[in-house]
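# Close look at the chain arrangement
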Amino acid sequence: MPTPRRQMPRRIYPLRILGMGLGGMVVGVVLWERHASVSAWLAMVLPAFVWPHVAYLITRHSADPYRAETRNLLIDSALAASFVPLMHFNLLPSVLLLTLTMVDKITTGIRGLWARALPAMLVGGLAGAALAGLHWAPETSMRVMVACLPVMALHTLSVSMVSYQLIRQSARHNQMLDELRRVDALTGLFGRGHWQEQAEAALRRHHASNEPACMLMLDIDHFKEINDAHGHTVGDEVIRALAHVVRGNVRAGDCAGRYGGDEFAIVLPGMLAKDALAIAHRIREQTEGVRLRSLPGVRITSSIGVAPADHRHSNLRAWIDAADAALYAAKNGGRNRVAGCMEPALAPAV
Ligand SMILES: Nc1nc2c(ncn2[C@@H]2O[C@H](COP(=O)(O)OP(=O)(O)OP(=O)(O)O)[C@@H](O)[C@H]2O)c(=O)[nH]1
């Protein structure tokens, strides 16, 4: 896929044809008004109507098109500045062309290009003066003002459209970055960071309004053995299959995430412990029923710890520790089981 850097010459080509062409027409009106010499006309026609194509050929045949295009942009500025003495410093088109060529440099986003354009413009201005002499006629006629309008309007519109596209692109990239941050690539469940934010919010709601919430910590049993026996690709398939089971057992408002390697964490807002235990049991049972497409003989089990949020959980760490303790109780109890945290009403349920 072509990178934005490689696309730059192709993107700039039509813009240069348009910009230099319209600029050349403005200069042409000034030259026509003052009955300029053939050499002055040539000094307008070559940069305005021939240079854009030469510039494109240079970049196309360059080993480093980006660098060549950057150089061309500086030449654009020099050529625009050369028009100023050619127009005998006609005020409106001179200011307009110098301003627009500077805007062009700034909107490329290339660091420091506008500063490098200043000496280029000085050289261009001096070259124009050497060719046309130094004549001072700053008055701008109505005809020249009218000739400036298309440049002003089209340049402003094209810069706005480029900015609009960049803003849209950057919004899309931000959305993708946010998605990458929120979602675990292997399972499509929430990533750990986003899961923690959601879990913290559920715990805050619990403390603020006593809204019940439960946390499930799930770990695949002997997962290392599956990896060792069948390889990491099968291991990944197991993780994905488990994520599928988890996803099938949570509601839209629940928060299921991949907490680490083969460990999943689920927050069930608004759910009482007995209902959370029922869900944990269902997940455990369905895990036993998982059959891998690539290796149907592999059997998978999971251990799950359940911890309802309570007043002792002053922060998320404490709540996770409670769910972890329940998970280890399930592991120590022989695996492939569900255990609730220490609360009497929840004493290990197998
Ligand atoms: N395939 C795969 N393996 C992973 C991934 N992340 C971590 N692991 C592996 O998961 C294994 C985690 O094993 P543990 O949870 O420590 O132990 P276990 O074998 O599951 O044993 P118990 O949890 O005690 O039942 C390690 O071998 C890790 O290398 C992953 O994204 N893909």
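Just so it is clear, the structure is predicted and the values come from calculations on it, not from any experiment.

### Things to note about the overall build of the protein
- For the protein, the helix and strand inventory stands at 11 helices and 5 strands.
- Of the contacts formed within the protein by residues at least 6 apart in sequence, a portion of 70% connects residues at least 24 apart.

### Quick notes on the sheet that holds strand β1 (residues 213-220)
- Strand order in the open sheet made by the 5 strands is β2-β3-β1-β4-β5, with mixed pairing throughout. At either margin of the open sheet sits one strand with a lone partner, and together these are β2 (255-260) and β5 (338-340). Averaged over all pairs of adjacent strands, the angle between strand axes in this sheet comes to 20°, irrespective of strand direction.
- Sheet analysis places β1 next to strand β3 (residues 263-269), joined by 7 bridges and oriented antiparallel. Residue pairing in the sheet places Cys 214 in a bridge with Leu 268 of β3.
- Across the sheet, helix α11 (residues 316-332) is in contact with β1, β4 (302-308) and β5; its angle to β4 comes to roughly 145°.

### Quick word on the site of the ligand
- Near the ligand there are 17 residues, and of these Phe 223, Lys 224, His 232, Gly 235 and Gly 261 occur at the shortest range.
- Listing elements by their share of the shell around the ligand, those giving two or more residues are β1, α8 (223-230) and α9 (232-247).
- Grouping the constituent residues of the shell around the ligand by class yields 4 nonpolar, 5 polar and 8 charged.

### Remarks on the UniProt feature "transmembrane region" (unreviewed entry) in the protein
- Annotation from UniProt places "transmembrane region" (unreviewed entry) at residues 12-32, 38-58, 79-101, 113-137 and 144-167.
- Taken end to end, residues 79-101 comprises 83% helix and 0% strand; its first and last C-alpha atoms sit 10 Å apart.

### Section: the pairing of β2
- Among the 6 residues in β2, 5 count as buried, and that is most of the element.
- Relative to β3, β2 runs antiparallel, the two being bridged by 5 bridges. Paired with Gly 257 across the strands is Ala 265, a residue of β3.
- The turn joining β2 and β3, which pair antiparallel and follow one another in sequence, is formed by 2 residues.

### Section: unusual backbone geometry
- Here the phi dihedral of His 222 falls at roughly 45°; this positive angle occurs in a residue that is not glycine.
- Tracing the sequence through the fold places His 222 in the loop between β1 and α8.
- The class for His 222 is partly exposed, based on 14 C-beta atoms found within 10 Å.
- A positive phi angle is found at Arg 335, which is not glycine, with a value near 70°.

### Focus on the environment of Arg 240
- Position of Arg 240 relative to the elements: it lies in helix α9.
- Of the residues examined, Arg 240 has 14 C-beta atoms within 10 Å and is grouped as partly exposed.
- Once the C-alpha coordinates of Arg 240 and Asp 262 are considered, the two residues, 22 residues apart in sequence, prove to be 9.9 Å apart.
- Look past the residues within four positions of Arg 240 in its chain and what remains in contact with it is Leu 186 and Thr 187.

### Examining helix α6 (residues 142-182)
- Under the 1.5 Å per step criterion, the end-to-end length of α6 is 59 Å for 41 residues, consistent within 8% with the ideal 60 Å.
- Of the positions making up α6, those classed as buried are Val 144, Ala 147, Cys 148, Val 151 and His 155.

### With respect to the nonpolar core
- Judged by nonpolar contacts, the single largest core of 51 residues is most densely connected at Met 215, Leu 216, Val 306, Ala 323 and Ala 326.
- A total of 8 residues in this core trace back to one element, the largest contributor, which is α11.
- Leu 216 has contacts with Ile 266, Ala 276, Ala 280, Ile 304, Val 306 and Ala 323, leaving out every residue within four places of it along the chain.

### Describing the environment of Thr 107
- Turning to its location among the elements, Thr 107 is positioned in helix α4 (residues 91-107).
- Taking the number of C-beta atoms within 10 Å as the measure of exposure, Thr 107 has 15 and is therefore partly exposed.
- For the pair Thr 107 and Val 159, spaced 52 residues apart in sequence, the C-alpha separation works out to 7.6 Å.
- The residues contacting Thr 107, other than those within four sequence positions of it, are Val 159 and Val 162.

Analysis parameters
- Residues numbered from 1 in each chain as written.
- Predicted model: local features only at pLDDT ≥ 70, side-chain atom pairs only at ≥ 80, totals over all residues.
- Helix = DSSP H or I, 4+ residues; strand = E, 2+ residues; numbered from the N terminus.
- Contact = placed C-beta atoms within 7 Å.
- Pairing = 2+ DSSP bridges.
- Axes fitted to C-alpha atoms, helices over the stretch in contact; angles between N-to-C directions.
- Near = placed C-beta within 6 Å.
- Nonpolar A, V, L, I, M, F, W, Y, C, P; charged D, E, K, R; others polar.
- UniProt positions renumbered as here; feature names shortened; annotations may be inferred.
- Buried ≥ 20, exposed ≤ 12 C-beta atoms within 10 Å, placed from the backbone.
- Expected span 1.5 Å × (residues − 1).
- Core = buried A, V, L, I, M, F, W, Y, C linked by C-beta atoms within 7 Å.

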